[in-house]
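Residue-level listing of the chains:
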Amino acid sequence: MAARSNAADRARRMMALLPLLTPGAELPLARLADVVGGTPADVAADIALLSMCGLPPYSPDELVDAFVDGDIVRVFAAPPALDRPLALAPAEAGALAAALEACGRGPDDPLRARLLEAASAPADAAEIASTVRAAVSPGGVAEIHAAVAAATAAHEALRIEYFSAGRGEVGMRVIEPWAMGVDRGVWYVAAWCRSAGGERVFRLDRVRSAEGTGETFTPPVDARPPVPAFPVDEGLRRATIAFSAGSELSSREWPGAVFRPGEAGGTIAEIPFVSGAWIARRVAARLGSAEVLEPRELRAEVAEVSRRMLADLGES
Amino acid sequence: MADQAERLINLALFLAGARGPVTAADCRGEVIGYPYDQDDAAFARMFERDKDVLRAAGLALAVVTDDETEAYHLDDAAFAPALSLTGAELATLAAAGAALLTDPSFPLAEDLRYALAKIFPSLDRPAPPASGRLADESPAAQGEAAAALASAVASRKRIAFGYVSLAGHAGGREVEPYGLFLREGRWYLVGRDVARDLVRTYTVARLTGLTVNNVKPKTPDFERPTDFDTAAYVVLPFQYGPVRTQAVVRFDADAAWRAERLTAGQGELVPLPDASVEWRVGVTDADRFLRWIVENGPGVTPVSPPELGENLVAGLRDVVASHGR
């Protein structure tokens, strides 16, 4: 990999700053740093250097007319050139494609195609798609992601059809989406669920439909994105589960689990959980190689979910 | 002498502000930053490097040639076109940016940041609360390695690293990197092991001492096969290794909407007249497949081969027997 010089990185950041320098603007350094990268101090140094740049003959009226005043950049005139954004570089279009892929938009997505077409040099869609795959063909999620993102930005309540993995059924809910997040490639939204009367986190790939209600709401000032999606804290219930010898186990699959040796080469796991239905289904999925020891009510739940599946299969 | 970044900006402004094409000699004479005492060859090298840097930043220099002299200018294509994005599209991009720019495991964050700065050319762009963690194991280390690997794939440069395979075989590998993919919180590299002449998948988090061949960085070391598709290496948890069984699974009508989301592009989905969907898919590990079916139920049932359903019923009866006491 060819290392780029610091000067090249800095020049790129400075070029990104130029279109933001609109006459009369007072721009917070911290916000500029959010947009173009670097620290506020980096951006302050960039503005200082930009104010020495311009067009021949480099007279004062041909220089970039902005200066740093405390935490603010004051702009007196538009830059002498490059005062509008440049076209996307092919690598930038590729990064957008990867980011959109992470939002459920695969290689055939029309928005991806438009952004690649807008690049300054031909961006080969097939080459980009095969270089970085930021998601596993998450079909059908793009529209849900867009609807939730738009509602989150507009503070608009949403009516969603949501598949509850625990109950195994779809239900209608009205939610006030506060913040979004992506964890291990799966998108979530943290929201106030009016239907449940409490704060909930929803997986976007389990949202069957999402429709704006037209009602706005005020999000809490401390709304936090739902990442990590499974925060493990001391307050959670814990299940004690015995896994038979040879069972495939990892704390990535069972977040927060503590494992210890069990009988006959098996493993005992202490696993935190929120939803009994969720953990019951996962134990049932082990088809006999896992047994809940405690709590007793979870044992009954495992038996019940298995009976329901047998009934669905036409077995009694 | 002027700062190098200052020279680059002055050059960019000069090219953008010129009324017509300008030559290298024009730039040398007009732009502050090119040393007066520089010989022609040194200037030519510096000017070439400067153009490369500006192009990498998205400054699309158009070239016109007249009497063997090149001249450069920026035409309208150099500037961001009006994309006419919808509100939902802008919200998607803003949410993706807000999440992935905070994610140390996203390898293209720098390019994404500049891309978004061009799409939202003001400070009042929406900044919804969002965060991201595509990879959850040592995200910063995975992101750094994935960035180097993505660059090596794009420039077709060979890489070398230490690796311990799942079978416990340790050793150095020289690999032609073909592509990267993310699955369940981990980045994976697909590439050709040069010594073994085999295309392999590597867990990026287990790579050690990664180096990229930096000899002739602009010259590719290899060609990626034209029919290569990274997606073909992304499999579901029951598909590691050679396919042993072709299975058919049914998503009933109530579960049919989840079929496309759950199956991750694997196999073939066939809608049936009763609004259910059949999924025909290759399976390596039948036990793991049954686990997948139960975890993603209800409404997902095996159709064939028959032993799949028989084993599922037997397993569920075991669960009822052990937990129903």
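Quick notes on the rules
- Residues numbered from 1 in each chain as written.
- Chains lettered and ligands numbered in written order.
- Predicted model: local features only at pLDDT ≥ 70, side-chain atom pairs only at ≥ 80, totals over all residues.
- Contact = placed C-beta atoms within 7 Å.
- Helix = DSSP H or I, 4+ residues; strand = E, 2+ residues; numbered from the N terminus.
- Nonpolar A, V, L, I, M, F, W, Y, C, P; charged D, E, K, R; others polar.
- Pairing = 2+ DSSP bridges.
- Domains from an automatic or database assignment.
- Buried ≥ 20, exposed ≤ 12 C-beta atoms within 10 Å, placed from the backbone.
- Axes fitted to C-alpha atoms, helices over the stretch in contact; angles between N-to-C directions.
- Parallel < 35°, antiparallel > 145°, perpendicular 65-115°, else oblique.
- Core = buried A, V, L, I, M, F, W, Y, C linked by C-beta atoms within 7 Å.

Colleague: Whenever I open this one, the interface of chain A and chain B confuses me. Can you help?
Modeller: Think of interface size as the accessible area that goes away when the parts come together; that is how it is often given. Across the contact, 106 residues belong to chain A and 105 residues belong to chain B. Considering every element that reaches the side of chain A that touches chain B, the biggest residue donor is helix H4 (residues 90-102) of chain A, with 10 residues. The residue makeup of the side of chain A that touches chain B, split by class, is 69 nonpolar, 16 polar and 21 charged. Bridge count between strand S4 (residues 132-133) of chain A and strand S6 (residues 170-183) of chain B: two bridges; the pairing is parallel. In the strand pairing of S6(B), Arg133(A) is matched with Phe181(B).

Colleague: Teacher, can you tell me more about the domain arrangement of chain B here?
Modeller: The assigned domain composition of chain B is domain 1 (4-78), domain 2 (85-133), domain 3 (139-227) and domain 4 (245-323). Measuring from the centre of the C-alpha atoms in domain 1 of chain B to the corresponding centre in domain 3 of chain B gives 36 Å.

Colleague: What should I look at first to understand the environment of Leu90(B) in this one?
Modeller: Residues and elements named next belong to chain B. Tracing the backbone through its elements, the reader meets Leu90 in helix H4 (residues 87-100). The class of Leu90 is partly exposed, set by 19 C-beta atoms lying within 10 Å. Through-space distance from the C-alpha of Leu90 to that of Asp103 is 20 Å; in sequence the pair is 13 residues apart.

Colleague: In this structure, what is going on with the domain arrangement of chain A? I would like to understand it.
Modeller: According to the domain assignment, chain A contains domain 1 (6-75), domain 2 (90-131), domain 3 (142-216) and domain 4 (237-312). Distance between the C-alpha centres of domain 2 of chain A and domain 4 of chain A: 42 Å.

Colleague: It is not clear to me how the packing of helix H2 (residues 29-36) of chain A against helix H3 (residues 40-50) of chain A should be interpreted in this structure. Could you clarify?
Modeller: In a packed pair of helices, the relevant descriptors are the angle between the two axes and the axis-to-axis distance. Residues and elements named next belong to chain A. Packing of H2 against H3 brings their axes to within 8 Å, and their N-to-C directions diverge by 95°. By the angle between their directions, the pair H2 and H3 is classed as roughly perpendicular. For the pair H2 and H3, contact is made by Leu29, Ala30, Leu32, Ala33 and Val36 and by Pro40, Asp42, Val43 and Ala44, respectively. Grouping the amino acids of the contact of H2 with H3 by side-chain chemistry returns eight nonpolar, no polar and one charged.

Colleague: What is the right way to read the sheet that holds strand S13 (residues 290-294) of chain A from this model?
Modeller: Sheet strands pair by backbone hydrogen bonding; their relative direction is either parallel or antiparallel. Residues and elements named next belong to chain A. Pairing within the open sheet is antiparallel, and its four strands lie in the order S11-S12-S10-S13. At either end of the open sheet lies a strand with only one pairing partner, and these are strand S11 (258-261) and S13. Each adjacent strand pair in this sheet contributes to an overall mean axis angle of 30°, direction not counted. With four bridges joining them, strand S10 (residues 237-243) and S13 adopt antiparallel strand pairing. Bridging across to S13, Ile241 finds its partner in Val292. Where helix H8 (residues 276-284) meets the sheet, its contacts fall on S10, strand S12 (267-273) and S13, and the angle it forms with S12 comes to roughly 150°.

Colleague: Teacher, can you tell me more about the nonpolar core here?
Modeller: One recurring pattern in soluble globular proteins is that nonpolar side chains are buried together. With 141 residues, the main nonpolar core has Ala12(B) and Leu149(B) as its most contacted residues. If you look at the next biggest cluster of nonpolar residues, it comprises 43 residues, including Ala257(A), Ile271(A), Ala303(A) and Val277(B).

Colleague: I would appreciate a short explanation of the packing of H4(A) against helix H5 (residues 110-117) of chain A in the present structure.
Modeller: All names here are of chain A. Axis separation between H4 and H5 bottoms out at 9 Å; the angle between their running directions is 170°. The angle between H4 and H5 places the two elements in the roughly antiparallel class. Along the contact surface, H4 presents Ala93, Leu96, Ala97 and Leu100, while H5 presents Leu111, Arg112, Leu115 and Leu116. Partitioning the contact of H4 with H5 into residue classes produces seven nonpolar, no polar and one charged.

Colleague: Just to check I follow, could you spell out the pairing of S10(A) for this structure?
Modeller: Of the pairings in the sheet, the one linking S10(A) to S12(A) comprises seven bridges and is antiparallel in character. Looking at the pairing, Arg237(A) lines up with Phe273(A) of S12(A).

Colleague: Please clarify how the sheet that holds strand S1 (residues 26-28) of chain A should be interpreted in this entry.
Modeller: Residue and element names in this part refer to chain A. On the basis of which strands lie adjacent, the open sheet formed by three strands has the order S1-S3-S2 and antiparallel pairing. With one partner strand each, in any of the chains shown, S1 and strand S2 (66-69) form the two edges of the open sheet. Going from strand to strand, the sheet's axes swing by 25° on average, the running direction of each strand aside. Pairing of S1 with strand S3 (residues 72-75) involves three bridges; the strand directions are antiparallel. Following the sheet pairing, Leu27 is matched in S3 by Val73.

Colleague: Just checking my understanding: could you explain unusual backbone geometry for this structure?
Modeller: The general pattern is negative phi for most residues beyond glycine and trans for most peptide bonds. A cis geometry characterises the amide bond from Pro56(A) onward to Pro57(A), with omega recorded as 10°. Here the bond from Glu294(A) into Pro295(A) is cis, since omega is -10°, no more than 30 degrees from zero. Mapped onto the elements of the fold, Pro295(A) is located in the loop between S13 and helix H9 (296-312). Phi at Ala264(A) takes a positive value of approximately 55°, unusual for a residue other than glycine. Although it is not a glycine, Ala264(B) adopts a positive phi angle of roughly 55°.

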